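Coordinates in review
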Amino acid sequence: MNNRAVQLLNRNPYLLSLLLLIIMVVINRALQDNLFEIGPLNGNLRVFTPAILVAVGQTFVVIAGGVDLSVGAILSMTNAILATQIPQDATGDVFVRALALAIGAGLLAGALNGFGVTVLRLQPIVTTYATSFIFAGVALRILPEPGGRLPRELTSFWRNPLAVSPDFALPMSLIVIGLLILFWVVLTNIRYRQNLFATGSNAEAAYSTGIRVNWVKFSTYLFSAFFATLAALALTLGTGTGNPRAGDQMTLPSVVAVVLGGTRLAGGQGNAVGSIIGALILGLIGNIISFANLDSWVRPLVDALIIIAALAIPGIFGVMRRLTR
Amino acid sequence: MKAISVQVEKAVKTYGGVVALAEGNLTVQSGEVMALLGANGSGKSTLSKILTGVIAPNGGQVLIDGKATSFGSPQEARKAGISAVYQELSLIPDLTVAENIWLSHEPIRGGFIKWQEMRANTQQLLDLFKGLYGTNLQPDALISTLTPDERQLVEILKALSFDPRLIILDEATASLDSRQVNRLFELVQTWKSHGMAIVFVSHRMEEIFRIADKATVLRNGRTVGERVIAESNERELVDLMIEGATILQRERLPVVDEQKPVRLAVENLRTNVLRGVSLQLRDGELLGLGGLQGQGQSDLLMALFGAIRCEGQIVLSGQARTFHHPRAAMKADVALVPGDRGSEGLLLIRSILENLMLASWSRYRTPIAFSKARADGGQIAQELKMVMSSLDAPVNSLSGGNAQKVVIGKWLLRSPKLLLLNDPTKGIDVGAKAEFYNLLDRLRDAGTAILFYSSDDDELLGLCNRVLVLHDGEISAELREDKLTRENLVAASMGASA
Amino acid sequence: MNTSLNRIRSLIPPPLIALMLAVFLFVFGGVLAPGFTNPDQAVNIARLAAFLGIIAAGQTLVIISGGEGIDLSSGALVTLGAILTYRLTGGDDAMILPALLLVLSVGALIGALNGIGIAFLGMPPLVITLGMAGVVTGVIYFYTQGQLIGRTPPAMGRWLSQALIGPIPGVIIVWVLLGLGMWVLLERTAFGKQLFAIGINRTAARLSGVRVNLIVVLTYMLSGALAALGGFVLLGFTQTVFLNLGQPYLFPSIAAVVVGGTVLAGGKGSYWGTMAGALVLQVINSLLLALRVEEAFQLIILGTILLVLLTMYGRQRSVRQ
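Please read these numbers as outputs of a predicted model, since none were measured by experiment.

1. Digging into the overall build of chain B
When helices and strands are tallied, chain B shows 17 helices and 22 strands. Since a compact globule built from 498 residues should have a radius of gyration of about 23 Å, the 24 Å found for chain B is in line with a globular shape. Out of the 498 residues belonging to chain B, those deemed buried represent 46%. In chain B, the proportion of contacts linking residues at least 24 apart, taken out of those at least 6 apart, comes to 67%.

See the structure below:
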């Protein structure tokens, strides 16, 4: 491998993820002919969207050097709020009020995490693990059993592609992904980005340069909680109902997606666009396995082996670089 | 530039029971270079960090333009026009040069960073040192890819980017080469004429006499005097610093016995820093390594200990050896006292006993014969006259000198044949230093071969009868007997051949 | 409040604080739920804590090893250990020992893979052990094909779960023996001393001749083997297996380590602490059950208690001095 390619990868670790994504898309397309038709495309992306949103939120925390293991529980909690606060005959007003309530609860949860990490100076892993119990408990309190039914107009607005012209429609989730990328591009051009990366890379140096490190860390937990709430919204609209354990299986994949996207777990390096790619890769791996006609008892193993191989790639590159030097 | 006058009065800082600064006084104003002098641990860094708001003092006050001020954070100090170049660098490894220099005061329009302008401004700052750094140093280069001197330059430019009225240079010249230092001093003269105030912290007396107008001297956490440089001399300042302690004066050592076997022979040793080093060391010899910091002395010692990769030939006790891990070197009776006690030598929160035994546990079988280990540890502690409450006290409860004894004791327990010392007296007090010198004598007399790097020229002059001076990864001079003088040492450090 | 807390911490070792807390909660539980505090309950709590404690043994080693050390694969390994024993013995007492040996080896192998990924590929422990948890779960699905065939050898129930000496079940004896073994390992072997060393300062350890990578791999191997052992022991209690048997023990095992005063940053801690921590968590758990608190409040209370305990032990240094 020549030097420039190595350098390019070093500066833009998510390029590797992009390559991986393209490979996954090609394999998926080979197994599923109609992958790019609007129906399957819309369906797939809609299913992936909550995971994408959670991963984007997780990215902020990880770049600042932490990790948020409570995102799944926050998603469960806000999902429960949305499902119980939006009855089948809800009007626009009710929906907005419910959404505001969910976002408020989500931010409060994020603030609790941020408080634990910055004011109480607790380790992020165990703090967010402990708070995840609290949020999961609140979710169960609000909605003990899966249930609730959202108005059909609301769910179909999200489920159906947006018709741009008579013969061209855009999946809503693709619009969301576009907005997320735009959001990240804006963010990377303001001071907050510098403060965020400096905090994650070397908090003490950042502090002595005058960055309010604690505020930055605090804010990242607000971001992750906010995006977990948006993920809950996407999930609630997608399923039309609520589940107090909806987020149980969302937390750890969000960390995997972030790492797959080239963000360094130790902080200081990373990219939310990479995390979107990472989440898409994870989704596509699931798709491929289900289309590959594998025995259903082999699927989890194949799934896990592909994921661990993908996670090991940066390390293998590192070893190769050391050996060739 | 608006004039500034800064006064620190009776500043105090304690950590738990440890007093870092007992009474710090400092006065400096526009157009003045104030040197801050003191032995290691005298409170220089604490005092300068109070000025920049990094450390909150427990007592005393800071007056800016006559007004009492207390900085809650570094940015408050910066708003008051004070900015600092720190000894431990404050750069972010994952950000670029430009991003680092403008961190927290990036040029923005409508909230968006003006990247082009930031780059151009950075280039402008870099041009202050035009021609004095490698091609690597670009506005878009990541800090993690730069060499130590380049990082130091970025650090200086970063402090400058805040347009300070008072700039603190805390050992800012430590990793710069002489041309870069000269350029920095030219700049300091310009800043001075523009009305900037400068606080200059350095352990190089020569630099202080070149650049400073006045000097404030600290000793054991107290300001003990202020002198006008033009009316003072080196002797007077040193006396103030060390309170009557004499500079190391020792008899010249006997010439090395050429009959003794050669313990170590190195031929053309190369690492990332070393560019072909050859040397020979006999049993019972104390061979000095000199030169400015970062010229490859650490690399040489680490390479001999198998801690970093190297090429070339190493013959130890008559056998060609390649060590891939310190463990292998250790088993061949080599020991290394590393340069940075805290980060390379000690397990700070563990007990003294565990630190002493770290390299020797496997000798006590399994399960460990603890009473035997404790007895051995106690004996070595006694031999080294360690001052401690018990062997079970955590090593971070010890003073610098005693902590260093733990590092040395760890290796003495293994009775090494070849002892590698990387600046072992850094940051330890005068008394502990004297004990350490006696220990070296004893070890040498017992036939141990010792390779000894010191950043303190007086030590090399007083202890060794042969000194190899490293410059830029090569041996620039071998000084012995009559040639071993301060002048020759300094000249060779600068790369001139003696 | 803070300084007095610090003083208490420096006077009384954390394992003792945790033990006192467990005893206090147990006695105090009798006030909240009359009849809670009785000898049978004490034995029962100790027995349940023993399972958690054994599972948390490997986690203790990994956390002491530092470098953000954590083993998220232990939950899945517990399940694998139980399923392997269940299937291999098929209820035959004679097969217990061979099954145990195989279980330990499989655990050690998986742990070694974790260690190699961390030491040689530079993967963060959180990431590789998380990935490995997925792989182990995959292996379980593949191996069982969803058919949980097998039986628990009757001897295991007799020896581990039921009263063995007086009212004391065997698992508690196993646990105490493991505690002694862990103490010897940590405090009386070169490995243990070097483990603490790499937990604090890997550079200093390397420069003192410690083979850091080797110690890391060995530590994760031990963690894997101990987790699998946890599964083996757990089977003696549950008598049956399911695909999600071990997962609920994963995070409580980490919590037990932290509550016992082992520092998450590494280099400081003890298995005595973990044992006391397991008791604390189990008392809380049993008390919440006895009080018939609904699941939602159980979770909220557990989370809050964890946060409080963390605040007592787990604080990090501030940036500003």
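Still more ground to cover, so stick around.
2. Let's talk about the nonpolar core
If you look at the biggest cluster of nonpolar residues, it comprises 359 residues, and the most contacted ones within it are A:I276, A:I281, B:F200 and B:L420. Apart from residues no more than four positions distant in its own chain, A:I281 is found in contact with A:S17, A:L20, A:L21, A:M24, A:L260 and A:A310.

3. Structural notes on the sheet that holds strand β17 (residues 319-320) of chain B
Residues and elements named next belong to chain B. Across the sheet, which stays open at both edges, the four strands sit in the order β14-β13-β16-β17 with antiparallel pairing between neighbours. A single partner strand is all that each edge strand has here, and the edge strands are β14 (275-282) and β17. Inspection of the sheet shows strand β16 (residues 311-316) paired to β17 by two bridges, in the antiparallel sense. Among the inter-strand pairings, L316 is bridged to a residue of β17, identified as Q319.

4. Observations regarding the interface of chain C and chain B
Listed per partner, the contact involves 19 residues of chain C and 26 residues of chain B. Broken down by secondary-structure element, the contributors of at least two residues to the side of chain C that touches chain B are α9 (190-200) and α10 (202-206) of chain C. With five residues, α9(C) is the single largest residue contributor to the side of chain C that touches chain B. When its residues are assigned to classes, the side of chain C that touches chain B shows seven nonpolar, seven polar and five charged.

5. Some words on the domain arrangement of chain B
In terms of domains, chain B is made up of domain 1 (5-242) and domain 2 (262-493). One C-alpha centre belongs to domain 1 of chain B, the other to domain 2 of chain B; they are set 32 Å apart.

6. Comments concerning the sheet that holds strand β21 (residues 466-471) of chain B
All names here are of chain B. Strand order in the open sheet made by the six strands is β18-β19-β20-β15-β21-β22, with mixed pairing throughout. A single partner strand is all that each edge strand has here, and the edge strands are β18 (334-337) and β22 (474-480). Neighbour-to-neighbour, the strand axes of this sheet turn through a mean angle of 20°, independent of strand direction. By the bridge criterion, six bridges tie β21 to β22 in an arrangement that is antiparallel.

7. Structural notes on the interface of chain C and chain A
Listed by partner, the interface residues are 42 residues for chain C and 42 residues for chain A. Among the elements that make up the side of chain C that touches chain A, the one with the highest residue count is helix α6 (residues 125-144) of chain C (13 residues). Of the residues belonging to the side of chain C that touches chain A, the class tally is 25 nonpolar, 14 polar and three charged.

8. Brief notes about the pairing of strand β12 (residues 222-228) of chain B
All names here are of chain B. With six bridges joining them, strand β11 (residues 214-219) and β12 adopt antiparallel strand pairing. By the bridge assignment for β12, L218 is matched with T223. Where β11 folds back onto β12 in an antiparallel hairpin, the turn is made up of two residues, including N220, whose phi is positive at roughly 50°.

9. Quick notes on helix α2 (residues 14-32) of chain C
Taking 1.5 Å of rise per residue, 19 residues should cover 27 Å, and α2(C) covers 26 Å from first to last C-alpha, within 8% of that figure. Within the sequence span of α2(C), burial applies to C:P14, C:P15, C:I17, C:A18, C:L19, C:L21, C:A22, C:F26 and C:G29.

10. A short note on the confidence of the model for chain C
Confidence in the prediction of chain C, expressed as mean pLDDT, is 90, and 94% of residues score 70 or more. Both confidence scores are given for the complex: pTM 0.86, ipTM 0.88.

11. Details of the environment of B:S317
Note on placement: B:S317 falls in the loop between β16 and β17. Taking the C-alpha atoms as reference points, B:S317 and B:K417, 100 residues apart in sequence, are found 9.1 Å from one another.

12. Examining unusual backbone geometry
Look at the link from B:T366 to B:P367: it is a cis peptide, with omega at -10°. Relative to the helices and strands, B:P367 resides in the loop between α12 (352-357) and α13 (370-383). One non-glycine residue, C:Q239, lies in positive phi territory at about 65°. Looking at the element boundaries, C:Q239 is found in the loop between α11 (212-238) and α12 (247-259). By the C-beta count within 10 Å, which is 13 here, C:Q239 ends up partly exposed.

Thresholds, definitions, all that
- Residues numbered from 1 in each chain as written.
- Chains lettered and ligands numbered in written order.
- Predicted model: local features only at pLDDT ≥ 70, side-chain atom pairs only at ≥ 80, totals over all residues.
- Helix = DSSP H or I, 4+ residues; strand = E, 2+ residues; numbered from the N terminus.
- Rg over C-alpha atoms; globule rule 2.2 N^0.38 Å.
- Buried ≥ 20, exposed ≤ 12 C-beta atoms within 10 Å, placed from the backbone.
- Contact = placed C-beta atoms within 7 Å.
- Core = buried A, V, L, I, M, F, W, Y, C linked by C-beta atoms within 7 Å.
- Pairing = 2+ DSSP bridges.
- Nonpolar A, V, L, I, M, F, W, Y, C, P; charged D, E, K, R; others polar.
- Domains from an automatic or database assignment.
- Axes fitted to C-alpha atoms, helices over the stretch in contact; angles between N-to-C directions.
- Expected span 1.5 Å × (residues − 1).
- pLDDT = per-residue confidence, 0-100.

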